[in-house]
Amino acid sequence: MGVHLHPGKKRGAMMERHIFLANLTKHLQETYQCHTILLYGSYQTGDFTDESDVDVIGFADGGESQNKVETFNGRLLDLWIHESQEMEDAEKFLKVHEGTPLLDEKGEAQSFLSRIEAVFLEGPPQLTAKEKQFLKDWLIKMKVRSRKGDMEGRYRFHWLVKESLEIYFEMKGQWYLGPKKSIQWLKNYDKEGHRKYDKLLEGPGDRRRLDAWIDHLQKL
């Protein structure tokens, strides 16, 4: 659920956000020598909560890619730093689709985002009927193995819960953009699937929940 504020408080919150992002940009420039910084996720879309982290990606000349989780001015950062040449692989950065530039020293941010948008709109490679059937068979096999009643079976259950959502979007011929956006997509466009997956997330207590979700995927 997003933040809903009185207009006066909302203006104050927006000013606070503006100052925070300006300070964050300076911090990333000085600490990681970033020349391009993009904001994405809930702080970019505005539907953040007190528990949300700040999703930021930066590009710098030289060095190795790294993921840093750190606190800055009281907020948790999920920070990715990449070497500049990695900007050539737009598909690798679909998670920053519709992101907002915070810094663009080289004038490359907008063209980079445009390439990401083009890849996003083109969509992933479509599966053949044989490839779809392989995934459906794998889902059934994993469902059976998740019912062993031991630690391995419980592990396979939780593995299947995660993997099956990604497989759903693969079989639908759409990009998987992480759990938050994917669950929201289900809610908007596949209410039956959303209801079944939501029940499944309650846990492995009732095997009919897993049956219902896997049967849903078998129809794709």
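It should be noted that the structure appears before, not after, this text.
Note that this is a predicted model, so its numbers are computed, not measured.

Draft legend 1. Layout of the packing of aromatic side chains. The tally for this structure, following the rule as stated, stands at 13 aromatic pairs. Seen in terms of ring centroids, Tyr168 and Phe169 are 5.1 Å apart; in terms of plane orientation they differ by 75°. Their pairing is edge-to-face. We note that Tyr168, like Phe169, is buried. Geometrically, the ring pair formed by Tyr168 and Trp185 is edge-to-face, given 6.3 Å between the ring centres and 65° between the ring planes. Placement of the pair is Tyr168 in helix 5 (residues 151–172) and Trp185 in helix 6 (residues 179–189), with a sequence separation of 17 residues. Take Trp185: its relative accessible area is 19%, and that puts it in the buried class. Grouping aromatic residues by their ring pairs yields a cluster made of Tyr168, Phe169, Tyr176, Trp185, Tyr189, Tyr197 and Trp213. The residue whose ring lies beneath Arg75 is Phe20, and the NZ or CZ to ring-centre distance is 4.4 Å.

Draft legend 2. The arrangement of helix 8 (residues 207–218) in detail. With 12 residues, helix 8 extends 17 Å between its outermost C-alpha atoms, agreeing within 8% with the 16 Å of an ideal straight helix rising 1.5 Å per residue. Those residues of helix 8 not exposed but buried are Leu210, Asp211, Trp213, Ile214, His216 and Leu217. The secondary structure elements touched by the buried residues of helix 8 are helix 4 (129–145), helix 5, helix 6 and helix 7 (191–200).

Draft legend 3. Structural context of a negative patch on the surface. A contiguous patch of negative charge on the surface is contributed by Glu88, Asp89, Glu91 and Glu122. With respect to the element layout, Glu91 can be found in the loop between strand 4 (75–83) and strand 5 (100–104).

Draft legend 4. Region of interest: the sheet that holds strand 1 (residues 34–40). As summarised here, the arrangement of the 5 strands in space is 3-4-2-1-5, forming an open sheet in which the pairing is mixed. For this open sheet the edge positions go to strand 3 (66–72) and strand 5, each flanked by a neighbour on one side alone. Between one strand axis and the next, the sheet turns by 25° as a mean value, whatever way the strands run. In this fold helix 3 (residues 109–122) packs onto strand 1, strand 2 (54–60) and strand 5, with an angle of close to 145° to the strand it touches most, strand 5.

Draft legend 5. Quick peek at the pattern of salt bridges. Taken as a whole, this structure holds 13 salt bridges when the rule is applied. Lys106 is the partner of Asp61 in a salt bridge, and the nearest nitrogen-oxygen pair spans 3.0 Å. Note that Asp61 is positioned in the loop between strand 2 and strand 3 and Lys106 in the loop between strand 5 and helix 3, a separation of 45 residues in sequence. Among the ionic pairs, Glu163 bridges to Lys162, the shortest N-O distance being 3.6 Å. By relative accessible area, which is 48% here, Lys162 ends up partly exposed.

Rules behind the numbers
Residues numbered from 1 in each chain as written. Predicted model: local features only at pLDDT ≥ 70, side-chain atom pairs only at ≥ 80, totals over all residues. Heavy atoms only, no water. Phe/Tyr/Trp six-rings, centres within 6.5 Å; stacked < 30°, edge-to-face > 60°. Buried < 20%, exposed > 50% of the residue type's maximum accessible area, 1.4 Å probe, protein only. Helix = DSSP H or I, 4+ residues; strand = E, 2+ residues; numbered from the N terminus. Lys NZ or Arg CZ within 6 Å of the ring centre and 35° of its normal. Expected span 1.5 Å × (residues − 1). Contact = heavy atoms within 4.5 Å. Patch = residues over 30% accessible without salt bridge, like charges linked within 9 Å, V, L, I, M, F, W, Y side chains within 5 Å. Areas by Shrake-Rupley, 256 points an atom, 1.4 Å probe, with all protein chains shown as cover. Salt bridge = Lys/Arg side-chain N within 4 Å of Asp/Glu carboxyl O. Lys, Arg positive; Asp, Glu negative; His and termini not counted. Charge placed at Lys NZ, Arg CZ, Asp CG, Glu CD. Pairing = 2+ DSSP bridges. Axes fitted to C-alpha atoms, helices over the stretch in contact; angles between N-to-C directions.

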